[in-house]
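Reading the structure
What follows is each chain in one-letter form.
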Amino acid sequence: MSEIKEGALATARARVSRTQVVLLAGVVTSALFWALAAATLALGALVGLDWWVGLTSQVRVLLRPFAAFIGAAAAVVVAWRGRGARSPERVALWIEEAAPRLRYALVTVLEGRFAAAAPRLEEEVAAVSWWRPLVRAALRATLVPAAALALGVLALAALPRGAVERVGAPRPGDALLRPGPRGGPADPLSPLVATVVSPAYARLAPVTLEDPDQIAALAGSAVRIEGRGDARRLHGRLGADTPASGPGGGRIGGDTLTFAAGGGRWRAGFVMPAEPAALVLTAEGRERVVVLAPQPDSVPVVTLSAPARDTIFRAATGVLPLAAEARDDIGLDAAWFELIVSAGEGETFTFRTAVVHRTAAGGARALALRATLRLDSLGLAPGNIVHLRAVAADGNTVAGPGKGVSETRTLRIARVGEYDSIALEGAPPLFADTSLLSQRMLLMLAEALEARRPRMERPPFVDESRRIASDQARLRRRVGDVIFMRLGGAPQGEEGEGEGERRGGLSPEELLRAADSVTTMTMGEALDFAGGESPVVAVNRPLLEAYNAMWDAGRELEIGEPGRAIPHMRAALEAIQRARNAVRVYLRGRAAPLVVDVARVRLAGSREGAGGGRRAPRPALTLARGRLLSRFRTALPLLAARDPAAVDSLLLLRVDALGGAPAAAAALGEAIAALRAGRDATAPLVRARRALEAEPLRGGPLAAWEGGW
């Protein structure tokens, strides 16, 4: 009766609108339930996959977006399939299909083309009810995805809480949340999680490592290591004191770790040592080795840029600008300029120190220092010396502040009377250098004159060319003088007194003929003493070639043809260059005699006070590296036999290599990571062996330099 009453009171269009609202609500609800169900089921499957194979943290971070994508895809599919609910005509057709008794009366009324029959059609539509099919469609659209959602929720609830948390909220160190094997106790050696807290001065965030083979951190960092299982089954040693058992050699043992238990886990803490060491964990006869690689805090690097060099001042007056730059790998605490003033002479000296422009860095990694120094404020006297350097300190509160210094600049005040006399033993520069410069300048003048030829009258052009020819002749005479000087004769000009005499064994005419013969000699013909040739010709052949080329250039310049003289001038320049490269004599003063005890240098001499015995040779520098190489070769057969102790042997070998052979230690680290991951470790092992065979071992740090003060 209620349905009939409803049909009597409402028009067909209003009933279709209400039905459309119900269908749209069913589509939206169905899409939402299917999205949640698909995302939940996908998340459950991914949690099970992670529980089974142990996915990496990078993969697990992508799992939640992947599950959300699956849910969104399911919602889009459902909404697309129910898109017909948005059209009243499609809804009317659905009603006609659900209620065949209508016989298309509802569709006809909605079209509006049969207005005359509308009252009759309205009566027929009002007599038919489609409530039940509508309810069944709505239940079918919501109950099925709701059941799938409930199934997904039950699946997630059935999985271990830790496994769900690893996928739902992945974070560093959640390896311990992964459930262990069923039916047995948890393995206390795997997995391990290490948390490193750097010293406060470093201002670094804590770092969490999962299943580490190596823990690298600043020396003095607090390290906490965690695992699953009973702490009473576990023993740990830290250090490098006692020899390790097994064919891999190495040293382990030392300090014993103290373990704390709670919540099915064990924990232990220690401080990162200053030297490389091994952390050895033992449980029920099995061992696990973790390399501890401390990273020392390097001292600041300081560069003094002003003053740029050592300086001597006539008087202690004026303002001196100071500039420096400081850098540190972690952070600077302060920087300043430091100076020491020394006064006195002989065996009596006095010193006083001062600090200029101390600046707080506030933890910055780079700092620029700028200051000025008034020399008159220091009360300097003649002969006083000021030693100036820049200093920077970092904020290291563990091993003490690291202090870095720049190179030292020396500022000296001149002594009284220091500039009254000059004691120098002068010597002229090498001739080839000055000749090279002069010939190059003459060539440039000739080229410039030739370029101005179109703009000049003939008479001034010839006059300029003859002036260059005169300079070329003077340079040619200097070349001739050098050749005569090397024969032991006195340097003379080509013209003048004694022109017909033989100078140094050759007259100027013979010198010219010798130069011409040298420059026209065929290839392969002997020079030295060939055919009675004078030794000066062979020894000074480049200069003779230059002499001949200068003569030809001078003739062309005398007649006002610099263009034809330029090739000869270039030939002379090249010949002088060859002479300069062939004979290198640097006479800049008297050189002190060098006395070398060759036998002592060769370690073959005798020592005074030791009975005249021969010196014993020093021990081989490669002894330590040879031991490392021997241990490496011992571990290789274990790798071939797939012995589990092989990786531990390489770990212990890497501990000792960190201090002296860093390249080999890095290659061993890559090999260990490859072996644990089941990859081919041939390439890094080959690099490790080559580094052990060829790399010089690195010694300890040098002591701080305190000289020069």
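Residues numbered from 1 in each chain as written. Predicted model: local features only at pLDDT ≥ 70, side-chain atom pairs only at ≥ 80, totals over all residues. Heavy atoms only, no water.

**Side note on the sheet that holds strand E18 (residues 366-374)**
- Within the open sheet, the three strands sit side by side as E13-E15-E18. Their pairing is antiparallel. Strands with a single pairing partner mark the edges of an open sheet, and in this sheet they are strand E13 (301-306) and E18. The average undirected angle you get between the axes of adjacent strands in this sheet is 20°.
- Of the pairings in the sheet, the one linking E13 to strand E15 (residues 319-327) comprises five bridges and is antiparallel in character. Residue pairing for E15: Ala306 is matched across the bridge by Ala323. (Pairing = 2+ DSSP bridges. Helix = DSSP H or I, 4+ residues; strand = E, 2+ residues; numbered from the N terminus. Axes fitted to C-alpha atoms, helices over the stretch in contact; angles between N-to-C directions.)

**A short note on the side chain of Glu226**
- The residue Glu226 is located in strand E4 (residues 222-228) in this model.
- Classification of Glu226 by relative accessible area gives buried; the value is 8%.
- Separated by 3.2 Å, the side chains of Glu226 and Arg267 make a polar contact.
- Apart from residues lying up to four places away in sequence, Glu226 is in contact with Leu176, Pro191, Leu192, Val193, Arg265, Trp266 and Arg267. (Buried < 20%, exposed > 50% of the residue type's maximum accessible area, 1.4 Å probe, protein only. Polar contact = N/O pair within 3.5 Å; in protein donor to acceptor, adjacent residues only side chain to side chain. Contact = heavy atoms within 4.5 Å.)

**A few points about the packing of helix H2 (residues 12-53) against helix H4 (residues 63-81)**
- Where H2 meets H4, the axes come as close as 7 Å, and the angle between the chain directions of the two elements is 150°. Overall, the two elements H2 and H4 adopt an arrangement that is roughly antiparallel. For H2 against H4, the interelement crossing comes out right-handed. Contacts from Val27, Ser30, Ala31, Trp34, Ala35, Ala38, Ala39, Ala42, Leu43 and Leu46 in H2 reach Leu63, Phe66, Ala67, Ile70, Gly71, Ala74, Ala75, Val78 and Ala79 in H4.
- Among the residues forming the contact of H2 with H4, the class breakdown is 17 nonpolar, two polar and no charged. (Parallel < 35°, antiparallel > 145°, perpendicular 65-115°, else oblique. Left-handed = near helix turned anticlockwise from the far one by under 90°. Nonpolar A, V, L, I, M, F, W, Y, C, P; charged D, E, K, R; others polar.)

**Some thoughts on the nonpolar core**
- One finds Phe632, Leu650 and Leu685 to be the most contacted residues of the largest nonpolar core, which totals 33 residues.
- Broken down by secondary-structure element, the contributors of at least two residues to this core are strand E11 (277-283), strand E12 (286-295), helix H17 (623-640), helix H18 (645-660), helix H19 (662-676) and helix H20 (682-694).
- Counting residues per element, this core draws most heavily on H18, which supplies nine residues.
- In this view, Leu650 contacts Phe632, Ala635, Leu639, Leu668, Ile672, Leu675 and Leu685; residues no more than four positions away in its chain are not counted. (Core = buried A, V, L, I, M, F, W, Y, C linked by side-chain atoms within 4.5 Å.)

**Examining helix H9 (residues 161-168)**
- Listing the buried residues of H9 in full gives Gly162, Ala163, Arg166 and Val167. The buried side chains of H9 occupy one side of the element, clustering within an arc of 130° when seen end-on.
- Close packing links the buried residues of H9 with H2, helix H3 (57-61) and H4. (Arc of directions from axis to C-beta.)

**Quick look at the packing of aromatic side chains**
- In the structure shown here, the tally under the stated rule is two aromatic pairs.
- Both rings, one in Tyr547 and one in Trp551, keep their centres 6.3 Å apart while their planes meet at 35°; by these two values the pair is tilted. Taken as a pair, Tyr547 and Trp551 lie in helix H14 (residues 541-558) at a separation of four residues, close to a single helical turn.
- Taking relative accessible area as the criterion, Tyr547 reaches 1% and is therefore assigned buried. (Phe/Tyr/Trp six-rings, centres within 6.5 Å; stacked < 30°, edge-to-face > 60°.)

**Description of the packing of H2 against H9**
- For the pair H2 and H9, interaxial distance at closest approach is 9 Å and the crossing angle is 110°. Considering the angle they form, H2 stands roughly perpendicular to H9. Counting all contacts with H2, which are made through Leu43, Leu46, Val47, Asp50 and Trp51, the residues of H9 involved are Ala163, Val164, Arg166 and Val167.
- Its residues assigned to classes, the contact of H2 with H9 comprises seven nonpolar, no polar and two charged.

**Digging into the confidence of the model for the protein**
- Per-residue pLDDT for the protein averages 75, and the proportion of residues at 70 or more is 73%.
- Low pLDDT, under 50, characterises residues 424-428; the predicted model gives this stretch eight contacts beyond four residues in sequence or across chains.
- With pLDDT under 50 throughout, residues 609-613 is counted as low confidence; its partners more than four residues away or in other chains account for five contacts. (pLDDT = per-residue confidence, 0-100.)

**Considering H19**
- With 15 residues, H19 should reach 21 Å at 1.5 Å per residue; the first-to-last C-alpha distance of 21 Å fits that figure.
- Listing the buried residues of H19 in full gives Ala664, Ala665, Ala667, Leu668, Ala671, Ile672 and Ala674.
- A positive phi of about 80° marks Gly678, the residue just after H19. (Expected span 1.5 Å × (residues − 1).)

**A word on the pattern of salt bridges**
- Counting across every chain of the model gives 19 salt bridges.
- Linking Arg267 and Glu226 is a salt bridge whose minimum nitrogen-to-oxygen distance equals 3.2 Å. Highlighted residues: Arg267 in strand E10 (residues 265-271) and Glu226 in strand E4, separated in sequence by 41 residues.
- Judged by relative accessible area, Arg267 falls into the partly exposed class, the value being 29%.
- In this structure, Glu338 engages Arg389 in a salt bridge whose closest nitrogen and oxygen atoms are separated by 3.0 Å. Here Glu338 is found in strand E16 (residues 332-345), whereas its partner Arg389 is found in strand E19 (residues 385-394), with 51 residues between them in sequence.
- Arg389 sits in the buried class, given a relative accessible area of 6%.
- Here the residues in one salt-bridge network are Glu450, Arg453, Glu556, Glu561 and Arg564, joined through shared partners. (Salt bridge = Lys/Arg side-chain N within 4 Å of Asp/Glu carboxyl O.)

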